[in-house]
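Below are the chains, spelled out letter by letter.
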Amino acid sequence: MKYKILMLIPYIGELPAAYFAIFLQSCRYNAQVDFLILNDCAEAANKRWAMPANLRIEQMSLADFNTRAAAALGVAVNVHSGYKLCDLRPMYGRIFAAELADYQFWGHCDMDLVLG
């Protein structure tokens, strides 16, 4: 049985040009896993980089994240910087439930990883 897996990567700010191409290449080699980057610079990133078929970048501002997280968790959420998104990683399953609906498994990762 083939499982559908999605790796979530919320990221605020310009994508890390120094190593993003390497991350994209490692995603290409992991075609059995889908990657979703939620980013406030999605339009610029989609124009600049050639994305593998299993990776997409969608628009999400920090305000969007706070609104979604608050609605999903039922508490006020006020993340002040992109660096602090990682504090809510255990809640990504609930916050991004709509994006995860078609997947059996999900995870999160960072773009400074080279995936094997």
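Refer to the structure presented above.
For clarity, every value in this text was computed on a predicted model and none was experimentally measured.

Procedures and definitions
Residues numbered from 1 in each chain as written. Predicted model: local features only at pLDDT ≥ 70, side-chain atom pairs only at ≥ 80, totals over all residues. Heavy atoms only, no water. 1 Å grid on protein atoms, 1.4 Å probe; cavity = no way out; pocket = protein on both sides within 12 Å on 5 of 7 lines; lining within 4 Å. Points joined across faces, edges and corners; volume = space filled by probe spheres on them. Helix = DSSP H or I, 4+ residues; strand = E, 2+ residues; numbered from the N terminus. Nonpolar A, V, L, I, M, F, W, Y, C, P; charged D, E, K, R; others polar. Salt bridge = Lys/Arg side-chain N within 4 Å of Asp/Glu carboxyl O. Buried < 20%, exposed > 50% of the residue type's maximum accessible area, 1.4 Å probe, protein only. Pairing = 2+ DSSP bridges. Axes fitted to C-alpha atoms, helices over the stretch in contact; angles between N-to-C directions.

Draft legend 1. Summary view of the layout of surface pockets. A volume near 270 Å³ is recorded for the largest pocket. If you trace the largest pocket, you find 18 residues lining it, with Pro10, Tyr11, Gly82, Arg89 and Asp110 closest to the centre. Counting residues per element, the lining of the largest pocket draws most heavily on strand β1 (residues 5–11), which supplies four residues. Per-class residue counts for the lining of the largest pocket are 13 nonpolar, two polar and three charged.

Draft legend 2. Structural detail: the pattern of salt bridges. Tallying each qualifying case throughout the model produces six salt bridges. Between Arg48 and Glu14 there is a salt bridge; the shortest N-O distance is 3.9 Å. On the criterion of sequence distance, the pair formed by Arg48 in helix α2 (residues 42–48) and Glu14 in the loop between β1 and α1 (20–28) is long-range, its members being 34 residues apart. Note on Glu14: relative accessible area 60%, which makes it exposed.

Draft legend 3. Broad picture of the sheet that holds strand β4 (residues 105–108). Strand order in the open sheet formed by four strands is β3-β2-β1-β4, and the pairing between neighbours is parallel. Both edges of this open sheet fall to β3 (55–59) and β4, since each of them pairs with a single strand only. Taking each pair of neighbouring strands and ignoring which way they run, the sheet shows an average axis angle of 25°. The pairing of β1 with strand β2 (residues 33–39) spans seven bridges and is classified as parallel. Its bridge partner being in β2, Met7 is matched across the sheet by Phe35.

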